[in-house]
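# Secondary and tertiary structure notes
Spelled out from the first residue to the last, the chains are:
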Amino acid sequence: GGLTGLGYLGRRCRFSALNPLFSSIFFCGFGEQSFLGGIHWGIALIQPLRAPWISYSYSVTPSLIAWSSLLLPSESHTFTVQAIAFAGAWVVDYSMFRAVPQAPSSGGLRARAVAPWFMALRTQLSAAAVTSLAVCAAAERWYGWRARVREESAKKAKEV
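Residues numbered from 1 in each chain as written. Predicted model: local features only at pLDDT ≥ 70, side-chain atom pairs only at ≥ 80, totals over all residues. Heavy atoms only, no water.

### Some words on the overall build of the protein
A count of helical and extended segments in the protein gives 5 helices and 2 strands. Reading the protein from its N end, one meets helices and strands in the order α-α-α-α-β-β-α. Counting the 160 residues in the protein, one finds 31% classified as buried. For the protein, contacts bridging at least 24 residues in sequence account for 70% of all contacts bridging at least 6. (Helix = DSSP H or I, 4+ residues; strand = E, 2+ residues; numbered from the N terminus. Buried < 20%, exposed > 50% of the residue type's maximum accessible area, 1.4 Å probe, protein only. Contact = heavy atoms within 4.5 Å.)

This is the structure we're talking about:
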């Protein structure tokens, strides 16, 4: 099952000259978005927030969006949806983890659901992911457009 899916994804990537670079960013986006959902699943298991079903439901959302983006007609659309999903996940994380109530812990200190440095790191990594996906979407759109123009020119040259 899983290897068949990877074979399908490999055939789905139609990038010619830039294929290795685009494919690695393409697959990295899926893995990272699954990881982002896993963070919410783990936090819901350890420290349920207001309604645990919201955290559990949201935990699968980034992965579902990433995999659903494969159904889009072109890779530039897939990259664009992934970039929007990363930005949206950051907004959800920022609003959720900024508002997490402090839980009492031993020694009179207070512990958060996530480490204090988490959102700073999350912001930097999300910015890098969104930027790289947006650049790939633009490059694929430009490269695809140029390839179509060359193909049309070659067809017209053969007709003449």
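Continuing now.
### Side note on a nonpolar patch on the surface
Taken together, the side chains of W41, L45, I46, V60 and L64 make up a nonpolar region of the molecular surface, amounting to roughly 540 Å² of accessible area. Looking at the nonpolar patch, the elements with two or more residues in it are α2 (19–46) and α3 (52–68). In this structure, I46 sits in helix α2. Under the relative-accessibility criterion, I46 is labelled exposed at 74%. (Patch = residues over 30% accessible without salt bridge, like charges linked within 9 Å, V, L, I, M, F, W, Y side chains within 5 Å. Areas by Shrake-Rupley, 256 points an atom, 1.4 Å probe, with all protein chains shown as cover. Salt bridge = Lys/Arg side-chain N within 4 Å of Asp/Glu carboxyl O.)

### Topic: the packing of α3 against helix α4 (residues 75–98)
Relative orientation of the contacting elements α3 and α4 amounts to 160°, with a least axis distance of 9 Å. Put simply, α3 runs roughly antiparallel to α4. The crossing of α3 and α4 is left-handed. For the pair α3 and α4, contact is made by S55, Y58, I65 and A66 and by V81, Q82, A85, A89, V92, D93 and M96, respectively. (Axes fitted to C-alpha atoms, helices over the stretch in contact; angles between N-to-C directions. Parallel < 35°, antiparallel > 145°, perpendicular 65-115°, else oblique. Left-handed = near helix turned anticlockwise from the far one by under 90°.)

### Considering the nonpolar core
In terms of nonpolar packing, the biggest core is built from 23 residues, with I39, F79, F97, F118 and L133 touching the most fellow members. Listing elements by their share of this core, those giving two or more residues are α2, α3, α4 and α5 (118–159). Counting residues per element, this core draws most heavily on α2, at 7 residues. The contact partners of I39, leaving out residues within four places of it in the chain, are F97 and F118. (Core = buried A, V, L, I, M, F, W, Y, C linked by side-chain atoms within 4.5 Å.)

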